[in-house]
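Coordinate inspection notes
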Amino acid sequence: MPADTMETSSGPAALAGVPDTVGVAKPDPIVVADKVVRRFGGVTAVNVDHVEFQRGTITALIGPNGAGKTTFFNLLTCFDQPQEGTWTFNGTPLNGVAPHKVAKMGMVRTFQLTKVLTKLTVIENMRLGATGQKGESFLGSLLKQVWSDQERSITERADELLARFKMDHMREQYAGQLSGGQRKLLEMARALMTEPELIMLDEPMAGVNPALKQSLLEHVKSLRDEGRSVIFVEHDMDMVFDISDWVVVMAEGRLIAEGTPDQVGSNPAVIDAYLGSHHDRDLNPDVGGGPEGGAS
Amino acid sequence: MNWSNLFVLTVSAAIGPEAVRYILGAQGLNIHYGYTGLFNFGQAGFMAVGAYGVAIVSASEQAGGLGYSVWLGVLAGLVAAVLLALLMGVPTLRLRGDYLAIVTIAASEIIRLVIRSERFDWLTGGNSGINGFANSFFDANPFDNSHRYEFGPFEYLGKDLWVMLIGWLVIAFFGLLTFLLMRSPWGRVLRSIRENEDAVRSLGKNVQAYKMQALVLGGVMGAVGGAIYALYQNLALPDDFVTRTTFIAYAALILGGAARVGGPIIGGVIWYGIFAFMTNLVTEVSGTYWFKSASWLPSIVKDNAGQFPFVFLGVALMLLVVFRPQGIFGDRREVELDAR
Ligand SMILES: Nc1ncnc2c1ncn2[C@@H]1O[C@H](COP(=O)(O)OP(=O)(O)O)[C@@H](O)[C@H]1O
Ligand SMILES: [Mg+2]
C-alpha cells in the first residue's frame, strides 16, 4: 500500500530532471495511457497519444472548458469506454475492466458533478466509502455481532476525516442539505475512506468556501506525504501553482504541454490555448457546467 | 344496512389470505423498489412461479403433477423464482432502470400466457389451472379444517386460520429479515444504489451483484406469496397473476410507505380493508330499493357499481402520491431531499 512506496523520493524531487516535453516518460509512472481516443458522434472529446503520471506526486490536469478533462477521467477510471487505446494502472491494463474493480485496485475518483447520496446522512455517506466491510455481504449483514466492531472503527476513521474537513458538525445532516461546496468536500472525504493509492479529483475546489480552500490544499499535500498519488482537474490557478508537482495541459482533447507549474506557466502554447477560449488567465470554475461524459 | 357485519367483513378481509398474498408481494417490491430503486413491474410473474411450483410438484401423478410433498413444492417454487430473477436480471441490471421495468412486465405476461395456453395443458392445466394439490398442507393443520372458530364477532374456518397463521408467520419472518438487512452495511449499499449507482461503483462496490441479490430476495418473497395463496385456494389459476396483481402490491407498498419495514404490511392491511369495505358497502347499497329506483342516477353508475371500489382506491392513491408521497410510514425528509 501507499506507505511502502515511500522509498522513492516523492513530490517535486521525483520529477527532477524530467524534461517538459509532451508525453515524456516518468521514472515511476502509476498510470500510463496510450493512444486513447473517445469520440461522441463527430466530436473527438479525447485524443491522447501518450501520457504518464508519476507515482507519489500531485499532478494537475488543466485546460479550457470542453478540453476533455472529465472525459479523460471517465476513461481512465473505466466509467466510460474509449473507441481506441490502452491504459494501465500499476502496470495492469484496464481495458474492459468494471469501474468498481478499478476502484478496488486503489484508483478512486470523484465527480465534477457531485454524486453525494442526498438521502443518507453525512456520516453514512462516509461509512459507505470504507472497503472490505464484513457487513456488506448478504449473510454477514444479518448478525450485527459480525460487523459492529468494524463499523465502530470505520466510524472513528470517518469522524477523524470529517473533523479534518471541518464537517464534523454536519455529521447527522442529510447530505441533501449541504451546499455545493460542502458536497465537494464530502465526496472527497468519502473517496478517502477507501484509502486509495491514487485519488483523482475532478474540480475539487469548485464552489468550496475560500476560507476552507487553504486547509483543503494542506490536506491534499498531506495525501502525497502519506505516499498517495493525486491527479486533479482544477481551474483555480492558485491551487494549481501552489500544490502541484507537475502540470498536464489539455486542449481540444489533446495534450498540448506538460511540465512543472513554472514551465507550463510560461509555455506560449498554454497561454494561447487559454487566451483563445477565455481571454483571462484566472479561469472561472464552471460549477455544474460542462457535461460529465459517460458518468452522468 | 348492517354496520357491524360490514365491520367484521372488513377486518376479516384486511388480515385474510388475500391480503397476505399482496402483503408478501409488496414486501418483495419493498426490497426491489423501496430500498434498491429497481422497477420490477413483474411481481405477478414471481408469484405465478411460486404458485405453479408448488402446484406442479405436489399435484398427484394422476392429475399431471409430480406427486411430491407440498413442502418440496414450495421449495421448487422458490428455486424457480431465483432462476427467474437471474434470467431477467443478467441482461437488464447492467442497463438503466427502465429496461428492467420493460423486461419484468413482459416476462410476467409471458409466464401467464404460457401457463394458460392449451399447449401446456398437460403441465399447467391451461386456463382452468391445477387444483387439489394442497391436501398434505391441510393435513398438517393443527386446527380442525372444517371447524368454525369464533373470536368475538369474528369467525374463521380452521382451514383459513391455518393459512393465516402460516401467512402471518412468513410476513413476520420477512419483516424481521428486512429489518436486519436494512440496518446493516448491506442495506446501506442498497439504499445508496437507489440514489446513485455511479457513486457506489466509484467506491469499489459491485453494484450489479447487489442489485441481483435484491432482485432474487424480493422475487422469492413474491413467490412465497403466490405459493401460500395457491395452497389456500387449493388451486393455481393463471389469471390470478395478471399485471393488476403487481400494481395492487405496488399500491399497498406506496400506501404504507416504501423503504419502511412496516410499510408493505400496514399498506396491505389498509388497502385490503378499504377494498373489502367498499366492495361490501357497494353491494349493500346497490341492493337497496332506494338505489334501484333512484332515477336521477345515471345508468353508467348503476350498471358499474361494482367498479366503484377500484375508482375510489385509484383516486385515493393519486391523492396520496400528491399530498403524502412518503406514504403513511415514510420519512418525509427522504422524499423531499430528492433533488436540488
Ligand atoms: N456524454 C457526452 N456526449 C456527447 N458529448 C460529450 C459527452 N461528454 C463530453 N462530451 C463532449 O466532449 C468534450 C469534452 O468534455 P469534458 O470532458 O466534459 O471537458 P472538460 O471536463 O475538460 O471541461 C466537450 O466538447 C463535450 O461537449
Ligand atoms: Mg470537466
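Criteria and thresholds
Residues numbered from 1 in each chain as written. Chains lettered and ligands numbered in written order. Predicted model: local features only at pLDDT ≥ 70, side-chain atom pairs only at ≥ 80, totals over all residues. Heavy atoms only, no water. Salt bridge = Lys/Arg side-chain N within 4 Å of Asp/Glu carboxyl O. Helix = DSSP H or I, 4+ residues; strand = E, 2+ residues; numbered from the N terminus. Buried < 20%, exposed > 50% of the residue type's maximum accessible area, 1.4 Å probe, protein only. Contact = heavy atoms within 4.5 Å. Buried area = accessible area lost by both parts, 1.4 Å probe. Polar contact = N/O pair within 3.5 Å; in protein donor to acceptor, adjacent residues only side chain to side chain. Pairing = 2+ DSSP bridges. Axes fitted to C-alpha atoms, helices over the stretch in contact; angles between N-to-C directions. Phe/Tyr/Trp six-rings, centres within 6.5 Å; stacked < 30°, edge-to-face > 60°.

Notes on the pattern of salt bridges
Under the criterion given, the structure shown has 31 salt bridges over all chains. Salt-bridge contacts for B:Glu109 lead to B:Arg112; the nearest nitrogen and oxygen are separated by 3.0 Å. Here B:Arg112 and B:Glu109 lie together in helix α5 (residues 97-116), a separation of three residues that amounts to about one turn. Among the ionic pairs, B:Asp160 bridges to B:Lys159, the shortest N-O distance being 3.9 Å. For B:Asp160, a relative accessible area of 18% corresponds to the buried category. Each of A:Glu124, A:Arg127, A:Glu151, B:Arg188 and B:Arg191 takes part in one network of salt bridges that share partners.

A closer look at the interface of chain A and chain B
Facing the 41 residues of chain A at the interface are 32 residues of chain B. When chain A packs against chain B, close to 3300 Å² is buried across both sides, 59% of that on carbon and sulfur atoms. Inspection of the region where chain A meets chain B yields four salt bridges. Salt-bridge contacts for A:Glu136 lead to B:Lys205; the nearest nitrogen and oxygen are separated by 3.1 Å. Taken together, chain A and chain B are joined by ten residue pairs in polar contact (both at pLDDT 80 or more).

Quick word on the sheet that holds strand β2 (residues 43-54) of chain A
All names here are of chain A. With antiparallel pairing, four strands are arranged side by side in an open sheet as β2-β1-β4-β5. Across the chains shown, the open sheet's two edge strands, defined by having one partner strand only, are β2 and β5 (92-93). Where strand β1 (residues 29-40) meets strand β4 (residues 84-89), five bridges bridge the pair, whose relative direction is antiparallel. Bridge pairing in β4 places Val 32 opposite Thr 88. Here helix α1 (residues 69-76) sits on the sheet in contact with β1, β2 and β4, set at roughly 65° to β2.

Describing the packing of aromatic side chains
Two numbers describe a pair of aromatic rings. These are the distance of the centres and the angle of the planes. Evaluation of the coordinates by the stated rule reveals 19 aromatic pairs over all chains. Plain terms: the ring middles of A:Phe79 and A:Phe111 are 5.5 Å apart, the flat faces sit at 85° to each other, and that makes the pair edge-to-face. With A:Phe79 in the loop between α1 and β4 and A:Phe111 in the loop between β6 (107-109) and α3 (122-129), this residue pair connects regions lying 32 residues apart in the sequence. According to the relative accessible area criterion, A:Phe79 is buried, its value standing at 11%. The class of A:Phe111 is buried, set by a relative accessible area of 1%. Taken together through their ring pairs, the aromatic side chains of B:Tyr33, B:Phe39, B:Phe41, B:Phe247 and B:Tyr250 make up a single cluster.

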